[in-house]
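Chain residues, written in single-letter form:
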Amino acid sequence: MEWHPGPGAEELIRRKAQLQVLSKQLLDRERGLAAFRNELHAFETTYRKALGARYARLDELAERLDETAVGDDPGRPEDDGDGPAERYPGQGVPGGQNWAWGEREPDKEPEQRPVIGDDAKRLFRQLARLIHPDLAGDPKERERRTNLMVAANDAYEQGDLAALERMLEDWHASPEAVTGSGAAAELERTLRRIAQVEASMRRIDEELAELEASAMGWLRRRVEKAAGEGWDLLAHMVRELDRQIGEAQLELDRRAATATAGAWE
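Thresholds applied
Residues numbered from 1 in each chain as written. Predicted model: local features only at pLDDT ≥ 70, side-chain atom pairs only at ≥ 80, totals over all residues. Heavy atoms only, no water. pLDDT = per-residue confidence, 0-100. Contact = heavy atoms within 4.5 Å. Core = buried A, V, L, I, M, F, W, Y, C linked by side-chain atoms within 4.5 Å. Buried < 20%, exposed > 50% of the residue type's maximum accessible area, 1.4 Å probe, protein only. Helix = DSSP H or I, 4+ residues; strand = E, 2+ residues; numbered from the N terminus. Polar contact = N/O pair within 3.5 Å; in protein donor to acceptor, adjacent residues only side chain to side chain. Salt bridge = Lys/Arg side-chain N within 4 Å of Asp/Glu carboxyl O. Axes fitted to C-alpha atoms, helices over the stretch in contact; angles between N-to-C directions. Parallel < 35°, antiparallel > 145°, perpendicular 65-115°, else oblique. Nonpolar A, V, L, I, M, F, W, Y, C, P; charged D, E, K, R; others polar. Expected span 1.5 Å × (residues − 1). Arc of directions from axis to C-beta.

Q: Please provide a residue-by-residue account of the confidence of the model for the protein chain, values included.
A: Residues shown with low pLDDT carry predicted positions that ought not to be read at fine detail. Taken residue by residue, the protein chain gives an average pLDDT of 83. The fraction at 70 or more is 80%. Below a pLDDT of 50 lies the segment residues 71-88, which in the model reaches 30 contacts outside its immediate sequence neighbourhood of four places, other chains included. Contacts from residues 97-105, a stretch scored under 50 in pLDDT, to residues over four places away or in other chains number 25 contacts.

Next up, the structure:
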């Protein structure tokens, strides 16, 4: 007698095939994201090598000019409130985008240890009972649970009630939260895995979009576009910085000469 799978079993077979396809797409996206990160990092290294020392020199000259400024010096360049420490990599580029270069973060006061409320304690205990690594059935699952416990501990120590609630919700929506055996339980686990894979792909797409929209991503596109048009945008920016450095040095020399002349009078 020939066996025919029931409707639930047929759906399970179809969903498992869908999960396999989506998992392959996720792997491709992960590789694409890693490749883009590496390319962007390599470009940033090139950028900093070409321009970093020049921005530092311009910052140094600006500080010296500020130190030598006396009253309303008619020869002093107009101060627009932005010193060279806030000159941006897009300067000198037609339509250039500005973003901070080497800004120093203000000193932060020591953080006070948060008070752990009763709700956070209750959620943490509830979460720990569900995700504890000792409940794992294999090494891979134990590693995953260990990572979850680390994240839960961190959220608890910060008193982050929202994070604990989110982790608890994620766990209840996870495949591991489904108990039992048979086609119905396996189908539910498969559907949840599909949802996880789709969510991971959305996060990757969002991160790629953020990287592409970042300052360095924007400049990389401009450099590539310029190269396609037959000119070197980074070299143009180097020349622009050298011009600004030259002007600042000339102004500093002029002030030094003026100060020396005044001392002889």
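Now that the structure is up, let's keep going.
Q: An account of the nonpolar core is requested, with residue identities and associated values reported.
A: One finds Y47, L51, L219, L234 and M237 to be the most contacted residues of the largest nonpolar core, which totals 31 residues. Elements that contribute at least two residues to this core include exactly α1 (7-68), α5 (183-213), α6 (215-228) and α7 (233-264). Once residues lying within four places of it in the same chain are set aside, the contact partners of L234 are F43, T46, Y47, L51 and V223. L127, A152, M167 and L168 belong to the second largest nonpolar core, which has 15 residues in total.

Q: Tell me what's going on with the side chain of E141, and back it up with residues and numbers.
A: In this structure, E141 sits in helix α3 (residues 139-157). Residue E141 is classed as buried on the basis of its relative accessible area, which comes to 13%. Within the structure, the side chain of E141 is placed 2.9 Å from the side chain of R145, a separation counted as a polar contact. In contact with E141, other than residues within four places in its own chain, are A136, W171 and E176.

Q: Describe the pattern of salt bridges, naming the residues involved and giving the relevant values.
A: Evaluation of the coordinates by the stated rule reveals 24 salt bridges. Of the charged contacts, one joins R144 and E176 as a salt bridge, the two residues approaching to 3.1 Å between their closest N and O atoms. Pair noted here: R144 is in helix α3 and E176 is in the loop between α4 (161-172) and α5, with a separation of 32 residues, a long-range link. A relative accessible area of 28% means that R144 is categorised as partly exposed. Classification of E176 as partly exposed rests on a relative accessible area of 29%. One salt bridge connects R243 with E247, and the closest N-O pair in it is separated by 2.6 Å. With a gap of four residues between them, R243 and E247 both fall in helix α7, about one helical turn apart.

Q: Lay out the packing of α5 against α6 in plain terms, naming residues and giving numbers.
A: Where α5 meets α6, the axes come as close as 4 Å, and the angle between the chain directions of the two elements is 65°. With respect to α6, the axis of α5 lies roughly perpendicular. Across from L211, E212 and A213 in α5, the residues of α6 making contact are A215, G217, W218 and R221. In terms of residue class, the contact of α5 with α6 is made up of four nonpolar, one polar and two charged.

Q: Which residues make up the packing of α3 against α4, and what values do they have?
A: Orientation of α3 relative to α4, taken along the N-to-C sense of each, is 155°, at an axis distance of 9 Å. Considering their axes alone, α3 and α4 lie roughly antiparallel with respect to each other. Touching E141, R144, R145, L148, A151, A152, A155 and Y156 of α3 are A163, L164, M167 and W171, all from α4. Its residues assigned to classes, the contact of α3 with α4 shows nine nonpolar, no polar and three charged.

Q: Report on helix α2 (residues 118-131), specifying residues and quantitative values.
A: An α-helix turns once per 3.6 residues; consequently, residues spaced three or four apart project the same way. With 14 residues, α2 ought to run about 20 Å at 1.5 Å a step, and its terminal C-alpha atoms sit 20 Å apart, in line with that. For α2, every residue scored as buried is listed here: A120, L123, F124, L127, A128 and I131. For α2, the angular spread of buried residues about the axis comes to 135°, placing them on one side. Seen from the open side of α2, the exposed residues pointing more than 90 degrees away from its buried face are D118 and R129. Looking at the buried residues of α2, the elements they touch are α3 and α4.

Q: Any chance you could break down the side chain of T190 for me, citing the residues and the numbers?
A: Looking at the secondary structure, you find T190 in helix α5. Sequence-distant contacts of T190, defined by excluding residues within four places in its chain, comprise L12, R15, K16 and L19.

Q: Lay out the environment of A62 with the relevant residues and their values.
A: For A62, the location among the structural elements is in helix α1. Judged by its relative accessible area of 12%, A62 is buried. The spacing of A62 and I245 is 183 residues in sequence and 9.3 Å in space, taken between C-alpha atoms.

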